[in-house]
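Structural overview for review
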Amino acid sequence: AADVYKRQEQYKFAVSFIKVGDYDTAELALCDFVFNNSIHLLAGIAQYWYGVTFRVRQLYQDAAKAYLNGYEKYPKSAKKRQVFRWKEAWGLDRDN
């Protein structure tokens, strides 16, 4: 139980940087969270926010990669619908 609490706190810490507009630090913190907790329930949501850190800085290729990775790796994520919208908007759902 303590381990679950620790992971939830680590997730909240990472997302807190987005709330204050520190997207560079949020990127690093979320990347670290996803890397170290890839099977945790919050990993898919963290992956979504990781993509957001790029999108708000207009790093659209990086955002697309992050969203697509999350879409494929975390198909049951609570943020899948938002990722699907970005995937569709950027034409990533088309066969090339």
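What this report covers is the structure whose coordinates are included nearby. (Residues numbered from 1 in each chain as written. Predicted model: local features only at pLDDT ≥ 70, side-chain atom pairs only at ≥ 80, totals over all residues. Heavy atoms only, no water.)

As for the environment of Tyr74
- As for its placement among the helices and strands, Tyr74 is situated in the loop between α4 (60–73) and α5 (80–89).
- Residue classification places Tyr74 among the buried residues on the basis of a relative accessible area of 10%.
- Tyr74 sits 33 residues away from Leu41 along the chain, and the two C-alpha atoms are 9.3 Å apart.
- Apart from the residues lying within four places of it in its own chain, the contact partners of Tyr74 are Val34, Ser38, Ala43, Gly44, Gln47 and Asn69.
- A polar contact is formed between the side chain of Tyr74 and the backbone oxygen of Ser38, at a distance of 3.3 Å. (Helix = DSSP H or I, 4+ residues; strand = E, 2+ residues; numbered from the N terminus. Buried < 20%, exposed > 50% of the residue type's maximum accessible area, 1.4 Å probe, protein only. Contact = heavy atoms within 4.5 Å. Polar contact = N/O pair within 3.5 Å; in protein donor to acceptor, adjacent residues only side chain to side chain.)

What about the nonpolar core?
- One finds Tyr11, Leu30, Phe33 and Ala46 to be the most contacted residues of the largest nonpolar core, which totals 22 residues.
- The set of elements that each furnish at least two residues to this core consists of α1 (2–19), α2 (23–36), α3 (43–55) and α4.
- At seven residues, the largest contribution of residues to this core is made by α3.
- If we skip the residues at most four places from it in the chain, Phe33 touches Arg7, Gln10, Tyr11, His40, Leu42, Ala43 and Ala46. (Core = buried A, V, L, I, M, F, W, Y, C linked by side-chain atoms within 4.5 Å.)

Details of the packing of α1 against α3
- Two elements in contact, α1 and α3, have axes separated by 11 Å at closest approach and are oriented at 20°. In terms of their interaxial angle, α1 and α3 are classed as roughly parallel. In this structure, α1 meets α3 at a crossing whose hand is left-handed. Taken together, the residues of α3 that come into contact with α1 (itself represented by Tyr11, Val15 and Ile18) are Ile45, Ala46, Trp49 and Thr53. (Axes fitted to C-alpha atoms, helices over the stretch in contact; angles between N-to-C directions. Parallel < 35°, antiparallel > 145°, perpendicular 65-115°, else oblique. Left-handed = near helix turned anticlockwise from the far one by under 90°.)

Considering the side chain of Glu27
- Here Glu27 lies in helix α2.
- Only 2.8 Å separates the side chain of Glu27 from the side chain of Arg57, close enough to count as a polar contact.
- When sequence neighbours within four positions are dropped, the list of residues in contact with Glu27 reads Tyr50, Thr53, Phe54 and Arg57.

Some remarks on unusual backbone geometry
- With a phi close to 60°, Gln58 is a non-glycine residue in the positive phi region.
- Looking at the element boundaries, Gln58 is found in the loop between α3 and α4.

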